Amino acid sequence: MLNKDFNFENVPNGWALCFNENCKMKDICLRFMAARFAPADMIVANCVTPHALKGDECRKYVAERYDTEAWGMSHLFDGVKHDDFARMRDAIYSMLGRRNYYRYNNGERMLNVKQQQQIADLFRRNGYQQAPTYDHYVNVLQFPF
């Protein structure tokens, strides 16, 4: 499952951890893994109770899942015609926020899968069949609520 590079800082605040050593799913559950890596000074946490277990199944089990997030847009508009550029750029500013656009471009924030799809849809609506590409892609562990 998860490797030693797990970083508890990526776990969202308030995300339920699991400390149930008796669960048969613990070795493949992200909630149990997160609890294993909880900092030693953490004394209070939102957690899954043993009542989540129904036989061998846990109703709060979460499988490990990664999404590919992106950042860096230095070549985003390379194939865009001059006449389309300002309108499409403004549409992306509207989608992300003008200030945030620069954060996504510089890697301070990453575009999630949904945002990447929205930008690809914008390109398609404007007649560009090739999906936009980004400078960097990162696989990010997902923590669903």
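Starting from 1, residues in each chain are numbered consecutively following that chain's sequence as written. Local features in a predicted model are, by the rule used here, given only for residues with pLDDT of at least 70; side-chain atom pairs are given and counted only at 80 or more, and totals for whole chains, interfaces and linings are based on all residues. The basis for every side-chain value is the complete set of non-hydrogen atoms in the structure, without hydrogens or water.

(A) Up close: the packing of aromatic side chains. Pairing of aromatic side chains requires ring centres within 6.5 Å, counting the rings of Phe and Tyr and the six-membered ring of Trp. Pairs whose planes differ by under 30 degrees are stacked, by over 60 edge-to-face, and all others tilted. Considering all chains together, one arrives at 10 aromatic pairs under this definition. Judged by centre distance (5.0 Å) and plane angle (35°), the rings of F6 and F37 are tilted. Of the two residues, F6 sits in the segment before α1 (30-36) while F37 sits in the loop between α1 and β1 (53-54), which places them 31 residues apart along the sequence. Three labels apply to residues, based on accessible area from a 1.4 Å probe with only protein chains included: buried if under 20% of the type maximum, exposed if over 50%, partly exposed otherwise in between. By relative accessible area, which is 31% here, F37 ends up partly exposed. Here the aromatic rings of F6 and F143 are separated by 6.4 Å at their centres, their planes lie at 75°, and the arrangement is edge-to-face. Remark: F143 occurs in the segment after β4 (136-141) and F6 occurs in the segment before α1; sequence separation between them is 137 residues. Note on F6: relative accessible area 11%, which makes it buried. Overall, F143 belongs to the buried group, its relative accessible area being 12%. Three or more aromatic residues joined by ring pairs make a cluster, and in this case those are F6, W15, F37 and F143. When the ring centre of W15 is taken as reference, the NZ or CZ atom of R31 above it lies at 4.5 Å. For the purposes of this entry, the term helix denotes a DSSP run of H or I that reaches at least four residues, the term strand denotes a run of E that reaches at least two, and both are numbered from the N terminus. Placement of a positive charge over a ring is assigned whenever Lys NZ or Arg CZ falls within 6 Å of the ring centre and within 35 degrees of the normal to the ring plane.

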